[in-house]
Amino acid sequence: DVKVTQSSRYLVKRTGEKVFLECVQDMDHENMFWYRQDPGLGLRLIYFSYDVKMKEKGDIPEGYSVSREKKERFSLILESASTNQTSMYLCASRLFSGNTIYFGEGSWLTVV
Amino acid sequence: SQKIEQNSEALNIQEGKTATLTCNYTNYSPAYLQWYRQDPGRGPVFLLLIRENEKEKRKERLKVTFDTTLKQSLFHITASQPADSATYLCALEKSQGGYNKLIFGAGTRLAVHP
């Protein structure tokens, strides 16, 4: 079975802190994604990566950056956390376009 | 602007009936459309994928239709069970340069009552 593992399930951070959310997949997938999910807004794409060291902005990249140094790992970075970044963050991966996307269990981030 | 619309109101149905969920989109020409199930506090789980040249896809009690003229997909669950209660998300895959990105609707919550 494909496994997408998000390192932290629940985090509480202070405004201005740098936050790292880590995601690892074990199926040699080319593409990886970071979404955030908020009530009534659905999943919104922050960044995606279609290959190692490659990244593309999604629909809401402001305030976020990403890193993909190895194929299996895709990190989301909040350089200076703000309260409006309180949300559930979902990492996902897939082999390539047109294939099933596999999601992690989500990371609940609260910024106080 | 590009939009994916799913009914934001919950769908309540009786066990045994067929549930039908709608996904409408505007200003997209998707290559693929996918449906996912999401339970509270969990990540979405893939259910079905349908390509733009396919009209219908089935998997056990699930059926998806894709009408590129109407810009609509319908998702049916036949003989529904309380265990089918969840939020169902549709997602469109569209090309961007040499790669595709997946855009999700906000989801429709389904409640199946015994």
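These remarks concern the structure in this document. Note that the coordinates shown come from a computational prediction; the quantities given were computed from them, not determined experimentally. (Residues numbered from 1 in each chain as written. Chains lettered and ligands numbered in written order. Predicted model: local features only at pLDDT ≥ 70, side-chain atom pairs only at ≥ 80, totals over all residues. Heavy atoms only, no water.)

Attention now goes to the overall build of chain A. Along the backbone of chain A there are zero helices and twelve strands. Computed over the C-alpha atoms, the radius of gyration of chain A is 13 Å, within 12% of the 13 Å expected from 2.2 N^0.38 for a compact globule of 112 residues. Expressed along its principal axes, the backbone C-alpha trace of chain A runs to roughly 35 × 25 × 25 Å. When each of the 112 residues of chain A is scored for burial, the buried share is 48%. Summed over its atoms, the accessible surface of chain A is roughly 5300 Å², and 51% of this surface lies on carbon and sulfur atoms. Here chain A contributes 15 positively and 15 negatively charged side chains, and the mean placements of these two sets differ by 4 Å. (Helix = DSSP H or I, 4+ residues; strand = E, 2+ residues; numbered from the N terminus. Rg over C-alpha atoms; globule rule 2.2 N^0.38 Å. Buried < 20%, exposed > 50% of the residue type's maximum accessible area, 1.4 Å probe, protein only. Areas by Shrake-Rupley, 256 points an atom, 1.4 Å probe, with all protein chains shown as cover. Lys, Arg positive; Asp, Glu negative; His and termini not counted. Charge placed at Lys NZ, Arg CZ, Asp CG, Glu CD.)

Before going further, it helps to spend a moment on the overall build of chain B. Along its length, chain B carries zero helices and eleven strands. In chain B, the succession of α and β elements from N to C terminus is β-β-β-β-β-β-β-β-β-β-β. Taking 2.2 N^0.38 as the reference for a compact globule, 114 residues should give roughly 13 Å; the C-alpha atoms of chain B span a radius of gyration of 14 Å, in line with that estimate. The principal-axis extent of the C-alpha atoms belonging to chain B is close to 45 × 30 × 20 Å. For chain B, buried positions account for 46% of its 114 residues. Sequence-distant contacts, at least 24 apart, represent 54% of the contacts inside chain B between residues at least 6 apart. With an accessible surface of roughly 5700 Å², chain B has 46% of that area assigned to carbon and sulfur atoms. Computed over 15 positive and 11 negative side-chain charges, the inter-centroid distance for chain B is 2 Å. (Contact = heavy atoms within 4.5 Å.)

Time to look at the state of the cysteines. Defined simply, a disulfide is a covalent bond joining two cysteines at their sulfur atoms. Residues and elements named next belong to chain A. Within this structure, the stated rule accounts for two disulfides over all chains. Note on cysteine connectivity: cysteine 23 is disulfide-linked to cysteine 91, with sulfurs 1.9 Å apart. Between cysteine 23 and cysteine 91 the disulfide shows an S-S torsion of about -75 degrees. By sign, it is left-handed. Here cysteine 23 is found in strand β4 (residues 23–25), whereas its partner cysteine 91 is found in strand β10 (residues 87–94), with 68 residues between them in sequence. Just as cysteine 23 is buried, cysteine 91 falls in that class too. (Disulfide = S-S within 2.5 Å.)

Summed over all chains, the structure comprises 14 salt bridges over all chains. With a closest N to O distance of 2.5 Å, A:Glu69 and A:Lys53 form a salt bridge. Here A:Lys53 lies in the loop between β6 (42–49) and β7 (56–57) and A:Glu69 lies in strand β8 (residues 65–70), a separation of 16 residues in the sequence. Residue A:Lys53 is classed as exposed on the basis of its relative accessible area, which comes to 57%. Of the charged contacts, one joins B:Asp39 and B:Arg37 as a salt bridge, the two residues approaching to 3.0 Å between their closest N and O atoms. Under the relative-accessibility criterion, B:Asp39 is labelled partly exposed at 28%. Judged by relative accessible area, B:Arg37 falls into the buried class, the value being 18%. Here the salt bridges do not stand alone but share partners, grouping A:Asp28, A:Glu30 and A:Lys71 into one network. (Salt bridge = Lys/Arg side-chain N within 4 Å of Asp/Glu carboxyl O.)

All names here are of chain A. Inspection of the secondary structure assignment puts asparagine 84 in the loop between β9 (73–78) and β10. Look at asparagine 84 and you get exposed, because its relative accessible area is 58%. Considered as a pair, asparagine 84 and valine 112 are 28 residues apart in the sequence and their alpha carbons are 9.7 Å apart. At a separation of 2.5 Å, a polar atom in the side chain of asparagine 84 contacts the side chain of serine 82. (Polar contact = N/O pair within 3.5 Å; in protein donor to acceptor, adjacent residues only side chain to side chain.)

With that settled, consider the interface of chain A and chain B. With 26 residues of chain A at the interface, the matching set in chain B holds 22 residues. For the salt bridge of A:Glu105 with B:Arg42, the shortest nitrogen-to-oxygen distance reads 2.5 Å. Seen at the junction of chain A and chain B, the total is six residue pairs in polar contact (both at pLDDT 80 or more). Mapped onto the side of chain A that touches chain B, the elements with two or more residues apiece are β5 (31–38), β6, β7 and β10 of chain A.

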